[in-house]
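# A closer look at the structure
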Amino acid sequence: EVQLVESGGGLVQPGGSLRLSCAASGFSFSSYWMSWVRQAPGEGLEWVANIKQDESEKYYVDSVKGRFTISRDNAKNSLYLQMHSLRAEDTAVYYCARERPIHGDLINWGRGTLVTVSS
Amino acid sequence: QSVLTQPPSVSGAPGQRVTISCTGSSSNIGAGYDVHWYQQLPGTAPKLLIYFNTNRPSGVPDRFSGSKSGTSASLAITGLQAEDEADYYCQSYDSNLSAYVFGTGTKVTVL
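So, here is what we can say about the structure in this document. Note that the structure is predicted; figures quoted are calculated from it, not measured. Counting of residues starts from 1 at the beginning of each chain's written sequence and follows it residue by residue. Throughout, the order in which chains and ligands are written sets their labels, letters from A for the former and numbers from 1 for the latter. It should be noted that, the model being predicted, local features are given only for residues of pLDDT at least 70 and side-chain atom pairs only at 80 or more, the latter also being counted only at that level, while totals for whole chains, interfaces and linings use all residues. Computation of side-chain values covers all heavy atoms of the structure but excludes hydrogens and water.

Residues and elements named next belong to chain B. Runs of E in the DSSP output that reach at least two residues are strands. Runs of H or I that reach at least four are helices, and both are numbered from the N terminus. Secondary-structure assignment places Gly103 in the loop between strand E8 (99-102) and strand E9 (106-110). Here Gly103 falls in the buried class, since its relative accessible area comes to 3%. Whether two residues are in contact is decided by their heavy atoms: any pair within 4.5 Å suffices. Each residue touching Gly103, except ones within four places of it in the same chain, is listed here: Ser2, Leu4, Gln6, Tyr89 and Cys90. Here the term buried applies to any residue with accessible area under 20% of the maximum for its type, exposed to any over 50%, and partly exposed to those in between, with areas from a 1.4 Å probe on protein chains only.

So this is what it looks like as structure tokens:
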């Protein structure tokens, strides 16, 4: 069974940093692109970033470019999102998701971890 | 602001058919990129409902169907059931943004 378990969320002050993790199991993690998607309270879904299997390609939504960094450790079956210069508008539940090759649909999702940016 | 527009809400009585539109542009759906649909039940993570425009993952009832034409796509739910009350999102890729994009989301209410 595919499992994606996010962790690392919490309360952080504006301008602060946080590192999210996603532990993957039940599939060959190193064979898939992976994504982060977020959802602000009461709002819709927003794709944040994704990363190729060997980390050679990484893409970000404009609003987080230069502040967030996506990375992975295939030996640990783990995905990460390092977030710096956090703003109130980054407050959201952050989901990690496995991508289907080529077509980009998000086959499996974790339960998410809540990030709250507030003073 | 999303580049894929959905109606905020749709509703129907049990057993009825409802459709949800997803309107894009020439840089996403109109450019030939696939459209996928997700169902998000209250308090849970999204779940893939339709992929590659028309395909259902195993376990998804055939009451759910997808279509795509031009710069738009649609999700249809036939034989609406109480358990279908949820938020639904379309997703595609946008070449101008070089990013995946989600629709604005539609809340389905079963009357």
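Next, the rest of the story.
What follows concerns the packing of aromatic side chains. Note on aromatic contacts: the rings of Phe and Tyr and the six-membered ring of Trp form a pair at centre separations within 6.5 Å, being stacked when their planes are under 30 degrees apart, edge-to-face when over 60 apart, and tilted otherwise. All told, the structure shown has 12 aromatic pairs over all chains when counted by the stated rule. Residues Trp33 of chain A and Tyr59 of chain A carry aromatic rings whose centres are separated by 6.1 Å and whose planes lie at 20° to one another, so their mutual orientation is stacked. Linking Trp33 of chain A in the loop between strand E3 (18-25) and strand E4 (34-39) with Tyr59 of chain A in strand E6 (residues 58-60), this pair joins segments that are 26 residues apart in sequence. Judged by relative accessible area, which is 34%, Tyr59 of chain A ranks as partly exposed. Aromatic side chains Tyr93 of chain B and Tyr100 of chain B sit 5.8 Å apart centroid to centroid with 80° between the ring planes, which places their arrangement in the edge-to-face category. Residue Tyr93 of chain B is classed as partly exposed on the basis of its relative accessible area, which comes to 25%. Owing to a relative accessible area of 14%, Tyr100 of chain B belongs among the buried residues under this scheme. Ring pairs connect the aromatic residues Trp47 of chain A together with Tyr33, Tyr93 and Tyr100 of chain B, which therefore count as one cluster. The ring of Tyr32 of chain A carries the charged tip of Arg98 of chain A above its face, separated from the ring centre by 4.5 Å. We count a charge as sitting over a ring when the NZ of a lysine or the CZ of an arginine lies within 6 Å of the ring centre and within 35 degrees of the ring normal. The ring of Tyr51 of chain B carries the charged tip of Arg100 of chain A above its face, separated from the ring centre by 3.9 Å.

Okay, the interface of chain A and chain B next. Interface size is often expressed as the accessible area that is lost when the parts come together. Chain A puts 20 residues into the contact, and the matching count from chain B is 15 residues. Surface buried jointly by chain A and chain B totals about 1,600 Å² across both partners, of which 61% is contributed by carbon and sulfur atoms. Among the residues of chain A in contact with chain B, Leu45, Trp47 and His103 of chain A are the three that bury the most area, contributing 35% of the side total. Any carboxyl oxygen of Asp or Glu within 4 Å of a side-chain nitrogen of Lys or Arg constitutes a salt bridge here. Our count for the contact surface shared by chain A and chain B stands at 0 salt bridges. Taken together, the elements giving at least two residues each to the side of chain A that touches chain B come down to E4, strand E5 (45-51), strand E9 (92-99) and strand E10 (106-109) of chain A. Here the side of chain A that touches chain B takes 4 residues from E5 of chain A, the largest share from any one element. Throughout, the ten residues Ala, Val, Leu, Ile, Met, Phe, Trp, Tyr, Cys and Pro are labelled nonpolar, Asp, Glu, Lys and Arg are labelled charged, and all others, Gly among them, are labelled polar. Of the residues belonging to the side of chain A that touches chain B, the class tally is 7 nonpolar, 7 polar and 6 charged. Here's the idea: put two parts together, see how much 1.4 Å probe accessible area each one loses, and the total over both is what we call buried area.

This is a description of form; function is not addressed.
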